[in-house]
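Observations on the three-dimensional arrangement
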Amino acid sequence: MTQPNMIAPEVIACIAEGRDPSLAELNRVADSIWADLKAARPAFAWDEPQSDSERLLILRAAHAALLGDTTR
């Protein structure tokens, strides 16, 4: 039985290589975060579109996760 991926491979790669994420990596991690958040919403809210402010917050969270270290 395989373990579920709790940490996006892009996050591991960026932190391990000590580099900034590409735009594609940022969007993939943001999409993963959105999927997790959407699953936690009440069933009646699943089809609600993501607002601009939600997308911005999710992109910021993805960027912070991909950097892993705020001292660089």
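This text follows the structure it describes.
Within every chain, residues take consecutive numbers counted from 1 along the sequence as written. For a predicted model such as this one, the threshold for reporting local features is a pLDDT of at least 70, and the threshold for listing and counting side-chain atom pairs is 80 or more; totals across whole chains, interfaces and linings nevertheless cover every residue. Processing note: side-chain calculations cover all non-hydrogen atoms of the structure and skip hydrogens and water entirely.

One recurring pattern in soluble globular proteins: nonpolar side chains tend to sit buried together. The term nonpolar core refers to a set of buried residues drawn from Ala, Val, Leu, Ile, Met, Phe, Trp, Tyr and Cys, joined through side-chain atoms within 4.5 Å. When a residue's accessible area, from a 1.4 Å probe over protein chains only, is under 20% of the maximum for its type it is buried; when over 50% it is exposed; and in between it is partly exposed. Residues Ala 8, Val 11, Cys 14, Leu 26, Val 29, Ala 30, Trp 34, Ile 58, Ala 62 and Leu 66 constitute the largest nonpolar core, which totals ten residues. Those elements that provide at least two residues to this core are helix H1 (9-17), helix H2 (23-40) and helix H3 (52-67). Put simply, DSSP marks the helices as runs of H or I at least four residues long and the strands as runs of E at least two long, and each gets a number from the N terminus on.

With that settled, consider the pattern of salt bridges. Side-chain pairs of opposite charge can arise where the charged atoms are in close proximity. We count a salt bridge whenever a side-chain nitrogen from Lys or Arg sits within 4 Å of a carboxyl oxygen from Asp or Glu. Scanning the model with the defined rule gives four salt bridges in all. With a closest N to O distance of 2.8 Å, Glu 25 and Arg 19 form a salt bridge. Glu 25 sits in the buried class, given a relative accessible area of 9%. One network of salt bridges, in which partners are shared, links Glu 17, Arg 19 and Glu 25.

Now for the packing of H1 against H3. Working note: a packed helix pair is described by the angle between its axes plus the distance between those axes. Between H1 and H3, whose axes approach to 7 Å, the crossing angle comes to 45°. When the interaxial angle is binned, H1 and H3 end up oblique. Across the interface between the two elements, Glu 10, Val 11, Cys 14 and Ile 15 of H1 pack against Ala 65, Leu 66 and Leu 67 of H3. As a working rule, the residues Ala, Val, Leu, Ile, Met, Phe, Trp, Tyr, Cys and Pro are called nonpolar, Asp, Glu, Lys and Arg charged, and the rest polar, with Gly in that last group. Looking at the contact of H1 with H3 residue by residue, the class counts come to six nonpolar, no polar and one charged. Here an axis means a line fitted to C-alpha atoms, over the contact stretch when the element is a helix, while the angle between two N-to-C directions is reported on a 0 to 180 degree scale. Orientation categories follow fixed angle ranges, with anything under 35 degrees roughly parallel, anything over 145 roughly antiparallel, 65 to 115 roughly perpendicular, and all other angles oblique. We call two residues in contact whenever any of their non-hydrogen atoms come within 4.5 Å of each other.

Patch rule: a residue counts if its relative accessible area is over 30% and it has no salt bridge; like charges are joined within 9 Å, and nonpolar side chains (Val, Leu, Ile, Met, Phe, Trp, Tyr) within 5 Å. Note that accessible areas follow from Shrake-Rupley with a 1.4 Å probe, and for residues the cover is restricted to the protein chains shown. Judged by side-chain polarity, Met 6, Ile 7 and Ile 12 come together as a nonpolar surface patch covering roughly 360 Å² of accessible area. Of the residues examined, Ile 7 reaches a relative accessible area of 51% and is grouped as exposed.

In a regular helix each residue adds 1.5 Å, so 18 residues correspond to 26 Å; H2 covers 26 Å between its end C-alpha atoms and thus fits that length. Those residues of H2 not exposed but buried are Glu 25, Leu 26, Val 29, Ala 30 and Trp 34. One fewer than the residue count of a helix, multiplied by 1.5 Å, yields its expected span.

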